[in-house]
Amino acid sequence: MGFQSHHHHNFSAPRLQSNCLLKSGFSSTKKIHQFNQSRALKVKSAMRQQEDEVRIPHVLTVAGSDSGAGAGIQADLKACAARGVYCSTVITAVTAQNTVGVQGVNVVPEDFVSEQLRSVLSDMRPDVVKTGMLPTTGIVKVICQSLEEFPVRALVVDPVMVSTSGDTLAGPSILASFREELLPMADIVTPNLKEASALLGGVPLESLADMRSAAKSIHDFGPKHVLVKGGDLPASLDAVDILYDGKDFFEFHCSRIITPNTHGTGCSLASSIAAELAKGSSVVSAVKVAKRYIESALDYSKDIFIGNGRQGPLDHHLKLKNYAHGLCRQRLFDPGNLFLYAVTDSRMNQKWSRSITDAVKAAIEGGATIVQLREKEADTLDFLESAKACLKICRQHGVPLLINDRIDVALACDADGVHVGQSDMPARVARVLLGPDKIIGVSCKTPEQAQQAWVDGADYIGCGGVYPTSTKENNLTIGLDGLEAVCLASKLPVVAIGGIGISNAHSVMELQVPNLKGVAVVSALFDRESVLTETQKLHKVLLKSSTEVR
Ligand SMILES: Cc1ncc(COP(=O)(O)OP(=O)(O)O)c(N)n1
Ligand SMILES: Cc1nc(C(=O)O)sc1CCOP(=O)(O)O
Ligand SMILES: [Mg+2]
């Protein structure tokens, strides 16, 4: 996305205003009880604020529910979650809706909209309020009153009138309320071409010049900023949005993404702008970042298929495609995968003139139950390309693929996990970066390290060097005794490593020590002429050991 500003302005972040204290407008006993509870919570929260409290950016969305979850409240929740802010919700209408259209609308009574607003605003102190579908003038009034009573840092108004499918969500009677009541309070209003035209009494908007003059005229209604979205301009033109702050115009250009999955784009953009404002951004940066996010989401979601209608939803979290074609490891880590753990070595494969993909394929065909790419010499680009190719092979065979040391490469190719040592990125940091589903293994030589690996959220331990090895320089040999001590202390499954091969794998496994699940091997598989044959032989030895152990 290109961003052009005609004049640059330094927008200071909106100032935090303290929210008014809860006013006693409650009548029933239940409500008095709630009021007392709320006071108690306020005392508690004042006490909490003296400690190390983390302030979480918070957007309140006031919008309609979309049962298809492409737009409305559901899109707002997803966009805010994807952009890393908390999102609370006030529902103005419940729609029966899917990718075909809107089949029904049930408007929430004004006083219940008001009650939801009071519940959230009086207690949770959202930074920013974003409005979407406001089906009645009464609801607009209630919002304005609530915001006067409980001011927030910024108000984002998405003047929703018609759904993507062309169904009416708010009739023309709402226009006067927008113009006279809500827009004067708004920090930014985000009409598309149709909405901008409706706000201006139906003027045709067909060019950038028209958009600029519409932005100016809408600004006269009172919002601090107007973003006129040009996505509906003729397809021959670039997708350009115009932002006007009352003085200067800012143009946001982005490539036109050809996709049927645009349902909810407007709601998601407005929520993303609200999310950035809640984090403290200026309006210009908020629009810029939000547009970049929506552009990536549109591009990522362009070939997902949900529903049979003309306009499908976005994938806000850029994750759904992972599940297509069985490309995702959908089960929990199985310690049984540590049984025959093949660890690659770029030098050995080069020495034997084989590609890494051939090496991995042969190891899997020979019986490897997990593969780790340990490519110490590879450039990042080569490593990433090899990792992608190996991942494809591993997924075809249902064998997990881990990356040694390089969390960045694991993330970039969506590998099943990583293996880290004591001087690599700490497992607890890797866990934050990789999320809860990925496999993390940690090298441990002592019971203390094993305990720490468990605390840090690792899934398994690699324990060695059991025997001397020439594959890893200056490696401390801990012997079978060291291995046994770690296994006994460990709360995690363990794979033994270091100098292990066909001749001694049985001695390792016959320790019969709890948690020991298998052996990890480099040279005994890859510094040999036939990876397939050597893996098959090792597999046989391990199978024999495991039957004897039983
Ligand atoms: C299964 C397994 N165990 C241990 C290691 C060694 O990791 P580390 O200590 O980080 O050393 P390098 O392999 O990075 O040289 C491993 N790779 N795999
Ligand atoms: C990568 C690695 N880690 C070790 C540890 O002790 O943590 S030993 C080792 C090398 C294992 O290679 P080979 O199977 O050729 O001995
Ligand atoms: Mg390492």
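Scoring rules and cut-offs
- Residues numbered from 1 in each chain as written.
- Chains lettered and ligands numbered in written order.
- Predicted model: local features only at pLDDT ≥ 70, side-chain atom pairs only at ≥ 80, totals over all residues.
- Heavy atoms only, no water.
- Helix = DSSP H or I, 4+ residues; strand = E, 2+ residues; numbered from the N terminus.
- Buried < 20%, exposed > 50% of the residue type's maximum accessible area, 1.4 Å probe, protein only.
- Contact = heavy atoms within 4.5 Å.
- Areas by Shrake-Rupley, 256 points an atom, 1.4 Å probe, with all protein chains shown as cover.
- Donors = N, O, S within 2.8 Å, 3.2 Å for Na, K, Ca; no water.
- Salt bridge = Lys/Arg side-chain N within 4 Å of Asp/Glu carboxyl O.
- Pairing = 2+ DSSP bridges.
- Right-handed = clockwise from strand over helix to strand, strands pointing away.
- Near = heavy atom within 4 Å.
- Polar contact = N/O pair within 3.5 Å; in protein donor to acceptor, adjacent residues only side chain to side chain.
- Nonpolar A, V, L, I, M, F, W, Y, C, P; charged D, E, K, R; others polar.
- Phe/Tyr/Trp six-rings, centres within 6.5 Å; stacked < 30°, edge-to-face > 60°.
- Lys NZ or Arg CZ within 6 Å of the ring centre and 35° of its normal.
- Expected span 1.5 Å × (residues − 1).
- Axes fitted to C-alpha atoms, helices over the stretch in contact; angles between N-to-C directions.
- Core = buried A, V, L, I, M, F, W, Y, C linked by side-chain atoms within 4.5 Å.
- Domains from an automatic or database assignment.
- Disulfide = S-S within 2.5 Å.

A.B. asks: I would appreciate a short explanation of the overall build of the protein chain in the present structure.
C.D. replies: Across its full length, the protein chain carries 19 helices and 18 strands. Looking at the protein chain as a whole, 51% of its 550 residues qualify as buried. Long-range contacts, defined as pairs at least 24 residues apart, comprise 67% of the intrachain contacts of the protein chain with a sequence gap of at least 6. Total accessible area on the protein chain stands at roughly 25,300 Å², and carbon and sulfur atoms take up 53% of it.

A.B. asks: What is the right way to read the coordination of the magnesium ion (ligand 3) from this model?
C.D. replies: Put simply, the ideal angle at a metal is 109.5 degrees for four donors in tetrahedral geometry and 90 or 180 degrees for six donors in octahedral geometry. At this site the magnesium ion (ligand 3) is bound by Asp405 (OD) and Asp424 (OD), with donor distances of 2.0 to 2.1 Å. A residue pair is termed long-range when its members are at least 10 positions apart, and Asp405 in the loop between strand E13 (401-404) and helix H13 (407-413) and Asp424 in the loop between strand E14 (417-420) and helix H14 (427-434) qualify at 19 residues. Judged by relative accessible area, which is 23%, Asp405 ranks as partly exposed.

A.B. asks: What should I look at first to understand the pattern of salt bridges in this one?
C.D. replies: Pairs may arise between side chains of opposite charge once their charged atoms sit close together. One pass over the full model with this rule turns up 24 salt bridges. Linking Asp76 and Lys130 is a salt bridge whose minimum nitrogen-to-oxygen distance equals 2.9 Å. Linking Asp76 in helix H2 (residues 72-82) with Lys130 in strand E5 (residues 128-131), this pair joins segments that are 54 residues apart in sequence. You can call Asp76 buried: its relative accessible area is 0%. Lys279 is the partner of Glu276 in a salt bridge, and the nearest nitrogen-oxygen pair spans 3.0 Å. Of this pair, Glu276 and Lys279 both sit in helix H8 (residues 265-279), 3 residues apart, roughly one helical turn. Take Glu276: its relative accessible area is 6%, and that puts it in the buried class.

A.B. asks: Just checking my understanding: could you explain the pairing of strand E2 (residues 58-66) for this structure?
C.D. replies: Consecutive residues of a regular strand have side chains that alternate between opposite faces of the sheet. Burial of E2 is extensive: 9 of the 9 residues sit out of reach of the surface. Strand direction decides the pairing type here: E2 and strand E3 (residues 86-97), joined by 9 bridges, are parallel. Pairing of Gly64 across the sheet is with Ala93, part of E3. With respect to chirality, the unit in which E2 leads through H2 into the neighbouring parallel E3 is right-handed. Bridge analysis of E2 against E5 gives 4 bridges, and the strand direction is parallel. In the sheet register, Val62 faces E5, and the bridge partner there is Thr131.

A.B. asks: Would you take a moment to explain the site of ligand 1 for this structure?
C.D. replies: If you check the shell around ligand 1, you find 14 residues, and the closest are Arg374, Lys376, Asp424, Ser443 and Lys472. Contacts to ligand 1 include Gln372, whose side-chain N or O atom sits 2.9 Å from a nitrogen atom. In this structure, an oxygen atom belonging to ligand 1 sits 3.1 Å away from a main-chain N or O atom of Gly421. Bound to the protein, ligand 1 loses 90% of the 420 Å² it would expose on its own. Split into classes, the residues belonging to the shell around ligand 1 amount to 3 nonpolar, 6 polar and 5 charged.

A.B. asks: For this particular structure, what's the right way to read the packing of aromatic side chains?
C.D. replies: Note on aromatic pairs: each is described by the distance of the centres and the angle between the planes. Evaluation of the coordinates by the stated rule reveals 3 aromatic pairs. Here the aromatic residues Phe333, Tyr341 and Tyr460 are joined through ring pairs into a cluster of three or more. In this structure, Lys491 packs its charged tip against the face of Trp454, placed 4.3 Å from the ring centre.

A.B. asks: Explain H8 to me, please; I cannot follow it from the model alone.
C.D. replies: Spacing of three or four residues puts side chains on the same side of an α-helix, whose turn is 3.6 residues. Taking 1.5 Å of rise per residue, the 15 residues of H8 would be expected to cover 21 Å, and the 21 Å separating its terminal C-alpha atoms lies within 8% of that figure. Burial analysis of H8 places 13 of its 15 residues in the buried class, the great majority of the element. Downstream of H8 by a residue or two, Gly280 has a phi angle that is positive, lying close to 110°.

A.B. asks: What is the right way to look at the sheet that holds strand E12 (residues 370-373) in this model?
C.D. replies: What the 8 strands build is a closed barrel, ordered E11-E12-E13-E14-E15-E16-E17-E18; its pairing is parallel. Within the sheet, the average angular offset between the axes of one strand and its neighbour, ignoring direction, is 25°. Alignment of strand E15 (residues 439-444) against strand E16 (residues 460-463), held across 4 bridges, turns out to be parallel. Residue Ser443 lies in a different strand from E16, and its bridge partner there is Gly462.

A.B. asks: I tried to follow the site of ligand 2 on my own but got confused; where do I start?
C.D. replies: As a matter of local geometry, ligand 2 sits amid 14 residues, with Thr469, Thr471, Asn475, Gly499 and Ser523 nearest to it. Interatomic distance of 3.2 Å between a side-chain N/O atom of Lys445 and an oxygen atom of ligand 2. Val522 places a polar main-chain atom, nitrogen or oxygen, 2.9 Å from an oxygen atom of ligand 2. Calculation on ligand 2 without its partners gives an accessible area of 420 Å², and the protein chains cover 94% of this total. Residues of the shell around ligand 2, tallied by class, amount to 3 nonpolar, 8 polar and 3 charged.

A.B. asks: In this structure, what is going on with the nonpolar core? I would like to understand it.
C.D. replies: In summary, soluble globular proteins display a tendency toward joint burial of nonpolar side chains. Counting 76 residues, the largest nonpolar core has Leu373 and Val508 as the members making the most contacts within it. At 7 residues, helix H12 (residues 380-397) tops the list of elements feeding residues into this core. With sequence-adjacent residues up to four places away left out, Leu373 is seen in contact with Thr344, Ile356, Val360, Phe383, Ala387, Cys390, Leu401, Leu402, Ile403 and Asn404. Core analysis: the second largest hydrophobic core is formed by 44 residues, Val152, Val157, Ala186 and Ala196 among them.

A.B. asks: It is not clear to me how the domain arrangement of the protein chain should be interpreted in this structure. Could you clarify?
C.D. replies: Buried accessible area, meaning the area lost when the parts come together, often serves as the stated size of an interface. Here the protein chain is described as being made up of domain 1 (56-323) and domain 2 (335-549). On a C-alpha basis, the centres of domain 1 and domain 2 stand 49 Å from each other.

A.B. asks: Looking at this structure, I do not really get the state of the cysteines. What am I missing?
C.D. replies: Disulfides are covalent bonds that link the sulfur atoms of two cysteine residues. Under the defined criterion, the tally for this structure stands at 0 disulfides. Cys80 supplies the cysteine sulfur nearest to Cys267, a cysteine that is in no disulfide, at a spacing of 11 Å. For the unlinked cysteine Cys487, the closest cysteine sulfur is that of Cys463, found at 5.9 Å.

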